[in-house]
Amino acid sequence: MDKDTLEQTRLTLRRFVRERLVPLEKQVADEDRIPDEIRRAFAEMGLFGISIPEEYGGLGLDLAEEVELIFEMGWTSPAFRSMFGSNVGIGSQGILIDGTPEQKQKWLPRLASGEVIASFALTEPDAGSDAAGLRTRAERQGDHYVINGAKRYITNAPQAGIFTLMARTDPSNKGAGGITAFIVEANAPGLSVGKPDKKMGQRGAHTADVIFDNVKVPAENVIGGREGQGFKTAMKVLDRGRLHIAALCVGAAERLIHESVAYARERKQFGQSIAEFQLVQAMLADSRTEAYAARCMIREAAARYAAGENVSMEASCCKYYASEMVGRVADRAVQIHGGAGYMQEYAVERFYRDVRLFRLYEGTSQIQQIVIARQMLRQAESGVEG
Ligand code: COS
């Protein structure tokens, strides 16, 4: 996309977020549901297809451009972004990065338009951080596979039309090499979705278990057509997803800072607005500094990703730093609000709970630390300067 069009798109989204979505935040949290007209508006703006190439009907943004839009989306409840987020990121990218031309042709246009929601099914009851230990089994029988197992906390599962599913095709290989990625249609007989989970926050976005009971999937639905590649596909998807989530954290931090500054200016104690107090100013300054640092590092890593570099380590640095950063910013925002920050009528109370998830999904902070340190040690071993 050319620079001017991107800037126009960003400003349109910024207006939409502030004028249409922010006033709906409380309703979405209370009803645990995003209104249908918002889904239609997202589709009209092309948001389901942000990352999908134009030849498949998407906006065709590269990751450096995508993060600029996601910074804007972070300003409002994360549940809104979640509605199209899995089509932009973890649900679609497996097909986009490693899929066959036929798979791309069949699914990407429908994902770009928002007609079909794609969900990423990796995590299991006994395989979270240890993703390579997953146990869902896909057994080849003639021209199809039979899938049995269970996935857990799957974002958008209740709305999904397809799942990009990681399952074990080689039971003799208990590690990453035995895993294959599939496209599984949600209406396949034997596939069932559990009740939406009761979460701490992010109401309006839904996660659920997905159960596979002898689900038959045609062999042509193996992503990329090759067995044993599924774990790598999932890791590539997550490299990209981690930068996307990091950008969302920056957007949320900006909103929390905005709420903090507004409250500090208006709230009076000891005869003056609390914004005059240097201990409050210190909290504001720390939040601004950290949000700015996160924004800069994400822009740098996303530009390198868009240029074709491997930024697996930097993506983890960004996700780790930005998700921890927004946790601190949310904590300070509540502190600046004082007792009011603990009350549901203030947005910071809800954001405080919503942003907690960012340190957990798409890899916990501890997993990001492991990815970063392993890469540092690998570089040292091969004599590469950091
Ligand atoms: N891109 C491409 N390939 C990658 C990769 C990446 N980013 N990361 C790992 N791989 C490859 C490795 O190169 C290795 O391939 P070879 O066997 O050919 O050498 C293979 O994948 C296995 O990698 P590794 O040995 O590092 O796997 P581990 O089991 O040690 O797991 C972690 C690595 C812990 C980093 C991984 O399991 C992980 O990211 N866990 C968190 C999962 C997660 O984020 N879950 C959230 C669910 S989505 S909401």
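Counting of residues starts from 1 at the beginning of each chain's written sequence and follows it residue by residue. For a predicted model such as this one, the threshold for reporting local features is a pLDDT of at least 70, and the threshold for listing and counting side-chain atom pairs is 80 or more; totals across whole chains, interfaces and linings nevertheless cover every residue. For side-chain calculations, the full set of non-hydrogen atoms in the structure is used, while hydrogens and water are omitted.

Asks: What am I meant to see in the domain arrangement of the protein chain here?
Replies: Many descriptions give the size of an interface as the accessible area lost when the pieces come together. Where each domain starts and ends follows an automatic or database-derived domain assignment. Taken domain by domain, the protein chain holds domain 1 (3–113), domain 2 (118–228) and domain 3 (232–382). A straight line from the C-alpha centre of domain 1 to that of domain 3 covers 21 Å. Contact between two residues is taken to exist if any of their heavy atoms lie within 4.5 Å; hydrogens are not considered. Contacts between the two partners involve 26 residues from domain 1 and, on the opposite side, 29 residues from domain 3. Summed over both partners, the interface of domain 1 with domain 3 buries about 2,500 Å², with 67% contributed by carbon and sulfur atoms. Simply put, the buried area is the total loss of 1.4 Å probe accessible area from both parts when two parts are fitted together. By the criterion of area lost to domain 3, the three top residues of domain 1 are Leu63, Phe71 and Trp75, representing 29% of everything that side buries.

Asks: What should I look at first to understand the pairing of strand β7 (residues 207–218) in this one?
Replies: Each pair of strands is called paired provided DSSP finds at least two bridges between the two strands. Only DSSP runs of H or I covering at least 4 residues are called helices, and only runs of E covering at least 2 are called strands; the numbering of each starts at the N terminus. Pairing between strand β3 (residues 144–155) and β7: 9 bridges, direction antiparallel. By the bridge assignment, Gly149 is partnered in β7 with Phe212. Where strand β6 (residues 191–193) and β7 come together, 3 bridges link them in antiparallel fashion. Residue pairing in the sheet places Leu191 in a bridge with Phe212 of β7.

Asks: Hey, could you run me through the environment of Phe277 in this one?
Replies: Here Phe277 shows up in the loop between β9 (272–273) and α9 (278–306). Burial classification: accessible surface area is computed with a 1.4 Å probe over protein chains only, and a residue below 20% of its type maximum counts as buried, one above 50% as exposed, and the rest as partly exposed. Note on Phe277: relative accessible area 24%, which makes it partly exposed. Separated by 13 residues in sequence, Phe277 and Ala264 place their C-alpha atoms 9.3 Å apart. Not counting chain neighbours up to four residues away, the residues in contact with Phe277 comprise Gln269, Phe270 and Gln272.

Asks: Help me understand helix α7 (residues 101–113), please; the structure alone is not making it clear to me.
Replies: Given 3.6 residues to a turn, an α-helix orients residues that are three or four positions apart in the same direction. The span one expects for a helix is its residue count, reduced by one, times 1.5 Å. In this model α7 runs 18 Å from its N-terminal to its C-terminal C-alpha over 13 residues, within 8% of the 18 Å that 1.5 Å per residue would give. Along α7, the positions that sit buried rather than exposed are Gln103, Lys104, Trp107, Leu108, Leu111 and Ala112. Of the residues one or two after α7, Gly114 is the one with positive phi, at around 85 degrees.

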